[in-house]
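# Residue-level structural notes
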Amino acid sequence: AVGGVWKNTDGATDFDDSGVEGYVVAPKLITQTPIPVLLSGGLLYSDEVVNGVLGHNEYDTVFFGNIDVLPVANVAVGFEYKQGVDASDDTTTFANSDYYDAHVAWFVDSSLTLVAAYADTGSEKKGASDFGLGDALVLSAQYAF
């Protein structure tokens, strides 16, 4: 798959308010195991500063990957990792922390997905060499039309 995302933030920082990301990802569903396993990996081209929450600065290409097991047809349990974007330029040194999460997804039907995850985006302390938003429990609902 190939895709892109446009992000816009409130101009609360000296970074750019908006940026465009591009990605390529290759998924592989392995059905020869006792429980199906979904693997995916890809590259992200991004200028995000703390996942785009604080704005956008300089582009970098990073790796991301995901592994999920599907113990039943409508449930996925997995782990995701994303390398931190180095958004440094000639005047600003800024590196995002690596990001990871452990998650459980329930595909309620063909349109609704509910997710619970523990995510760690790195240190939220100012002055840290790799910056993030800390860690948290995340609950998400997605409805596709």
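Look up: the structure comes first, before these words.
Residues numbered from 1 in each chain as written. Predicted model: local features only at pLDDT ≥ 70, side-chain atom pairs only at ≥ 80, totals over all residues. Heavy atoms only, no water.

## Focus on the nonpolar core
Condition: To define a nonpolar core, start from buried Ala, Val, Leu, Ile, Met, Phe, Trp, Tyr and Cys residues and group those joined through side-chain atoms within 4.5 Å. When a residue's accessible area, from a 1.4 Å probe over protein chains only, is under 20% of the maximum for its type it is buried; when over 50% it is exposed; and in between it is partly exposed. Contacts are assigned to residue pairs with any non-hydrogen atoms lying within 4.5 Å of each other.
Counting residues in each nonpolar core, the largest one holds six residues, listed as Phe15, Val49, Val50, Ala87, Phe94 and Phe131. Setting aside residues no more than four positions away along its own chain, Ala87 makes contact with Asp47, Glu48, Val49, Asn57, Glu58, Phe94 and Asn96.

## Let's talk about the pairing of strand S5 (residues 75-82)
Stated precisely, the cut-off is as follows: Two strands are said to pair when DSSP picks up at least two bridges between them. Helix and strand labels come from DSSP, where a helix needs a run of H or I of at least four residues and a strand needs a run of E of at least two; each type is numbered from the N terminus.
Two strands pair when backbone bridges link them, and strand S4 (residues 55-72) and S5 are joined in this way by seven bridges, in the antiparallel orientation. Note that in S5 the partner of Asp68 across the bridge is Gly78. As paired strands, S5 and strand S7 (residues 99-107) are joined by eight bridges and run antiparallel to one another. Within S7, the position partnered with Val77 by the bridge is Val104.

## Overview of the pattern of salt bridges
The cut-off we apply is this: Within this document, salt bridges are pairs made up of a side-chain nitrogen of Lys or Arg and a carboxyl oxygen of Asp or Glu, the two lying within 4 Å of each other.
Enumeration over the complete set of coordinates arrives at three salt bridges. Members of the salt-bridge network, linked through shared partners, are Lys7, Glu21, Glu48 and Lys82.

## Section: the sheet that holds strand S1 (residues 2-8)
Note the cut-off: Here the axes come from fitting lines to C-alpha atoms, over the contacting stretch only for helices, and the angles between their N-to-C directions go from 0 to 180 degrees.
Reading across from one edge, S1-S2-S3-S4-S5-S7-S8-S10 is the order of the eight strands in this open sheet, with antiparallel pairing throughout. Every interior strand has two partners, whereas the edge strands, S1 and strand S10 (135-143), have only one. The sheet shows a mean angle of 20° between the axes of neighbouring strands, direction not considered. Where strand S2 (residues 18-30) lies against strand S3 (residues 37-49), nine bridges are found, and the strand directions are antiparallel. Residue pairing for S3: Gly22 is matched across the bridge by Tyr45.

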